[in-house]
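# Chain and residue survey
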Amino acid sequence: MDRFKVGVIGCGYWGPNLIRNFVEIPQSDVVIVSDLREERLSHIKASYPQIEVTKDYQELFDQDLDAVVIATPPVTHYPLARECLQHDLHVLIEKPLTTKSEHAEELIQIAETNGMVLMVGHTFEYNAAVQTLKSLVDSGELGQIYYLDAARLNLGLFQREMNVLWDLAPHDISIMRYIMGIPPISVSAHGMPFVFEGIHDVVYMNMVFPENILAHIHVSWLDPCKVRRLTIVGDKKMVVYNDILNLEKIKIYDKGVDHLPYTDNFGEFNCSYRYGDILIPNIRFIEPLRQECQHFLECIKNHTEPVSSGQDGLEVVKVLEAAQRSLDKNGIHQEVIHW
Ligand SMILES: NC(=O)c1ccc[n+]([C@@H]2O[C@H](COP(=O)([O-])OP(=O)(O)OC[C@H]3O[C@@H](n4cnc5c(N)ncnc54)[C@H](O)[C@@H]3O)[C@@H](O)[C@H]2O)c1
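An account of the accompanying structure is given in this report.

## Some points on the overall build of the protein chain
The number of helices and strands found in the protein chain is eight helices and 15 strands. Whereas a compact globule of 339 residues would reach a radius of gyration of roughly 20 Å, the protein chain reaches 22 Å, a difference of no more than 12%. For the protein chain, the C-alpha atoms occupy an extent of roughly 80 × 45 × 40 Å along the three principal directions. Long-range pairs, those at least 24 residues apart, make up 66% of the contacts in the protein chain between residues at least 6 apart in sequence. Put simply, the protein chain shows about 16,400 Å² of open surface, and 52% of that area lies on carbon and sulfur atoms. Averaging the locations of the 29 positively and 47 negatively charged side chains of the protein chain gives two centres separated by 4 Å.

## Details of the side chain of Ser28
Mapped onto the secondary structure, Ser28 falls in strand S2 (residues 28–34). The exposure class of Ser28 is buried, given its relative accessible area of 1%. At 2.7 Å, the side chain of Ser28 forms a polar contact with the backbone oxygen of Phe22. Apart from the residues within four sequence positions on either side, Ser28 is in contact with Arg3, Phe4, Val6, Phe22, Val23 and Leu297.

## Focus: the nonpolar core
Grouped together as the largest cluster of nonpolar side chains are 74 residues, with contacts concentrated most on Ile179, Met205, Leu230 and Ile232. Within the second largest apolar cluster, 27 residues are counted, among which are Phe4, Ile25, Ile51 and Cys293.

## Thoughts on the sheet that holds strand S1 (residues 4–9)
Taken in spatial order, the six strands of this open sheet run S3-S2-S1-S4-S5-S6, and their pairing is parallel. Single-partner strands in this sheet number two, and they are strand S3 (52–54) and strand S6 (118–121). Between one strand axis and the next, the sheet turns through 20° on average, direction left out of account. Pairing of S1 with S2, which is carried by six bridges, proceeds in the parallel orientation. When the bridges of S2 are listed, Gly7 appears paired with Ile32. Strand contacts of helix H2 (residues 38–47): S2 and S3, with the helix running at about 180° to S3, the strand carrying the most contacts.

The rules behind the values
- Residues numbered from 1 in each chain as written.
- Predicted model: local features only at pLDDT ≥ 70, side-chain atom pairs only at ≥ 80, totals over all residues.
- Heavy atoms only, no water.
- Helix = DSSP H or I, 4+ residues; strand = E, 2+ residues; numbered from the N terminus.
- Rg over C-alpha atoms; globule rule 2.2 N^0.38 Å.
- Contact = heavy atoms within 4.5 Å.
- Areas by Shrake-Rupley, 256 points an atom, 1.4 Å probe, with all protein chains shown as cover.
- Lys, Arg positive; Asp, Glu negative; His and termini not counted.
- Charge placed at Lys NZ, Arg CZ, Asp CG, Glu CD.
- Buried < 20%, exposed > 50% of the residue type's maximum accessible area, 1.4 Å probe, protein only.
- Polar contact = N/O pair within 3.5 Å; in protein donor to acceptor, adjacent residues only side chain to side chain.
- Core = buried A, V, L, I, M, F, W, Y, C linked by side-chain atoms within 4.5 Å.
- Pairing = 2+ DSSP bridges.
- Axes fitted to C-alpha atoms, helices over the stretch in contact; angles between N-to-C directions.

Printed below as a string of structure tokens:
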């Protein structure tokens, strides 16, 4: 059985979750971890004495690795990933893939030329609840989709190097793009930097998908309540995904509005409301990050394109760029040029 040697760059807040998964998966060994901070390396060494640690990521290139996982701040993704791909290493990069679309395009190009797997950590695409939402849309159970509405709110964690759009919205953009099977065609965004100058901590974003399907994303580090919710409204049924709940994350509402050809009831005009059952599907939940890490290794083994491929990452970066342009222009609609 193939067993892949993995190196990890970045073990701050998120990196240790990736390290734990690659340590626990029988098909991979985490050989070396790099971070600029000594205390983070000591923390990893204390939990995993068998892993080598270094402050210099260049040492990863002397370890005969198969793959590198990058969990550093987004501005560093491009230079680190480019160097890894140039050393013929498969690369899994945390979201967002890069902070500029031309950088993402270059990474895709190098990966293709060198025959390497390039994958972005859009974790929610490996989440069983999100996969259930996609099958509800694809099967037509919800009917024609009218709109999607997402909220990802909390008090914190404030970032100093990027705004809340680049920090939190990649999750919801990638979820919506995955569910719809296509990226949005235009975007507008409003927001404000309330706490730190120049760093937006609240953003309201509107997107339009083909066939005039609307989408709205509200992201905030400045909200009293922790909210992780996505609603999808179709002409047959509606569904709410509440990621905060441990059980019963998805509720499918057989609710809607039916047009009537005529009515005697002036008050109801010519429509009637349908209040049907609420179904809570039983979802077999496996840690999404475990699925993501396993998928990365399978793509390396089988030479296949990941679900969250470099192209997928690029499309999300293009939406973020368009949203940032709109934020900078007080909410003016921006086209998203995908090719
Ligand atoms: N998928 C998810 O749900 C999820 C959740 C949180 C964060 N993330 C992503 O993970 C990435 C890291 O986020 P974080 O919250 O862990 O940030 P963090 O700041 O806590 O950790 C980043 C670490 O990278 C290290 N680093 C920076 N440059 C380096 C270099 N050249 N060589 C070695 N180490 C270097 C820093 O010292 C730091 O310890 C980001 O891209 C973020 O968007 C993803």
